[in-house]
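Notes for the structure review
Okay, here's what each chain looks like letter by letter:
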Amino acid sequence: MLSLPAWKCPEWTFNASLVNTSSPEFTEEWQKRIRELQGAIMVASCVQMLVGFSGLIGFLMRFIGPLTIAPTISLVALPLFDSAGSNAGVHWGIAAVTIFLIVLFSQYLKNVAVPVPVCGGKKCHTSKFYLFQVFPVLLALCLSWLLCFVLTVTNALPTAPTAYGHLARTDTKGNVLSQAPWFRFPYPGQWGLPTISLAGVFGIIAGVISSMVESVGDYYACARLVGAPPPPRHAVNRGIGIEGLGCLLAGAWGTGNGTTSYSENVGALGITRVGSRMVMVAAGCLLLAMGVFGKIGAAFATIPTPVIGGMFLVMFGVITAVGISNLQYVDMNSSRNLFIFGFSIYCGLAIPSWVNNNAEKLQTGILQLDQVIQVLLTTGMFVGGFLGFFLDNTIPVHLHSRNKAWKDPPFDGGARMVLVEDCSLPQRELRERPCDGTLDGPGREGSLEERGLLVWNQMQEDSEETAKALEVYRLPCGIGTKVCTSSCTQYLPFWPRLGAGSRERGRNLLARLFQDPSGARGKGASETKL
């Protein structure tokens, strides 16, 4: 949005040495931009809350499978290779030390227990604590930061701003720490009354759409990394809605940006293996303290650039691998699936690169439309995710593989019953019908098994109903289980489903199919697991 001609910085601000940052003119220049962003973010956040809390995103999840999720997650990190490489390239030695420490702590020493003294009652004893498994990134960050500080104090790093490795010094941002106030309480409207423009709203809405696509991928990536069940639809609805609420609050407070799932934190989960919600709550409290006590936040701003670059190289690699790992549910011997995934990934890299370099060639004459097109086409995860979604739901396969069935010998010589995956049903659910030996059907889409949706949808159904999923994705403070347990709440798209009746019905159906009237298993029938 700020790349539009109306919001380009005036020429008198180009030379920073001649600008008085405390002057009223300069203050008004940046505050009016913040107010414009505030209004656009607040309006766009209402759209995101509507999509989440209405259940629209959960409805679309029935058409989203591994071939959509895999390129979306992978393209969260792949386009950032240039940023990670540039940060690490400030001083490859410091970046290599950071990478070495993260790999050492998270992979080689993760099973090494450190004795920790514990006092309980009248006796003191030692307890095993897996320090390197819990804090690999934090330990590597602190040690690399300390190394940079020692090299800065001893002037081992160059002092000239143009010299290679200068940004590895810890005093390059010393003025940030000295100028930061000790205490500052932010409040809504601190920069003035937010302003709203149509171009700004459409631009932020385009970003919100991309953010929702990324967030859905992040939810699945987090669940896979911490060993949790896949997020059920009500959890996805709730997550998108709460992100919209966070954007609304961020816009009101004038942060200049919205809130979304941070993909770098997904990489941190993969390295630390810590997925406790209480850890996230503690981190949120820490961030609140950092926002109120200015010196604390300013201290973290002094982390040297190559340390950040080394962390990015490891975390972005983990995110990319998590995205690709979703293909384990897909038949990758199928040329159809190979084409969808490869084409989606490559277009997600190529199209944003071209648009960034040739933005002037996408001018339609309508400012708002130009902005929406540019934002969407420069977001790799949106391009790749959209192509994966569209192609996976439209490209057909051979007729014989469009439907799958579990067969059993005839029941007492009668009509044989099968469970058929009917691809024509929007829910892609199993249905029971007599079988005359043929498995015909409309077959407009690829088979569920080939597309990975057979296992994927079964995981979704299990995550809706299992006790583990209810425990992981329940509402806090007993909401829905101890309080607010009215049956009316079950109709809310973002409310947890407490019943497991549909899964039991599916088991009973299988039992009927594979047993004769006397209750014994049919001859030749084998154990079948969905």
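Residues numbered from 1 in each chain as written. Predicted model: local features only at pLDDT ≥ 70, side-chain atom pairs only at ≥ 80, totals over all residues. Heavy atoms only, no water.

Tracing the chain through its elements places Gln-48 in helix H1 (residues 24-53). A relative accessible area of 1% means that Gln-48 is categorised as buried. Contact partners of Gln-48, with chain neighbours within four places excluded, come to Val-208, Met-212, Ile-240, Gly-241, Glu-243, Gly-244 and Cys-247. (Helix = DSSP H or I, 4+ residues; strand = E, 2+ residues; numbered from the N terminus. Buried < 20%, exposed > 50% of the residue type's maximum accessible area, 1.4 Å probe, protein only. Contact = heavy atoms within 4.5 Å.)

A few words now on a nonpolar patch on the surface. On the surface, a nonpolar cluster with roughly 810 Å² of combined accessible area is contributed by Trp-182, Phe-183, Phe-185, Tyr-187, Phe-293, Ile-296 and Phe-300. Turning to its location among the elements, Ile-296 is positioned in helix H13 (residues 294-300). Assessed through its relative accessible area of 35%, Ile-296 is described here as partly exposed. (Patch = residues over 30% accessible without salt bridge, like charges linked within 9 Å, V, L, I, M, F, W, Y side chains within 5 Å. Areas by Shrake-Rupley, 256 points an atom, 1.4 Å probe, with all protein chains shown as cover. Salt bridge = Lys/Arg side-chain N within 4 Å of Asp/Glu carboxyl O.)

This part takes up the packing of aromatic side chains. Evaluated as defined, the whole model comprises ten aromatic pairs. Pairing Phe-382 with Phe-386 gives two aromatic rings, centres 6.1 Å apart and planes at 15°, and the pair type is stacked. Taken together, the positions of Phe-382 and Phe-386, both in helix H17 (residues 380-394) and four residues apart, correspond to about one turn of that helix. When its relative accessible area of 16% is taken as the criterion, Phe-382 is described as buried. (Phe/Tyr/Trp six-rings, centres within 6.5 Å; stacked < 30°, edge-to-face > 60°.)

With that settled, the discussion passes to the UniProt feature "transmembrane region" (unreviewed entry) in the chain. The residues that UniProt annotates with the feature "transmembrane region" (unreviewed entry) are residues 40-69, 89-109, 130-153, 191-209, 279-301, 307-326, 338-355 and 375-395. When the span residues 40-69 is considered, its composition is 77% helix and 0% strand, and the gap between its end C-alpha atoms is 28 Å. (UniProt positions renumbered as here; feature names shortened; annotations may be inferred.)

Our next topic: empty space enclosed by the protein. Under the criterion given, the structure shown has two cavities of 30 Å³ or more. Of the pockets and cavities examined, the largest cavity occupies roughly 40 Å³. What lines the largest cavity is Leu-167, Arg-169, Thr-170, Thr-172, Lys-173, Thr-302, Ile-303, Pro-304 and Thr-305. Residues belonging to the lining of the largest cavity are distributed by class as follows: three nonpolar, four polar and two charged. (1 Å grid on protein atoms, 1.4 Å probe; cavity = no way out; pocket = protein on both sides within 12 Å on 5 of 7 lines; lining within 4 Å. Points joined across faces, edges and corners; volume = space filled by probe spheres on them. Nonpolar A, V, L, I, M, F, W, Y, C, P; charged D, E, K, R; others polar.)

Assignment of secondary structure puts Ala-228 in the loop between helix H9 (198-226) and helix H10 (233-253). Those residues within four positions of Ala-228 in sequence are excluded, and the remaining contacts are Ala-223, Val-472 and Tyr-473.

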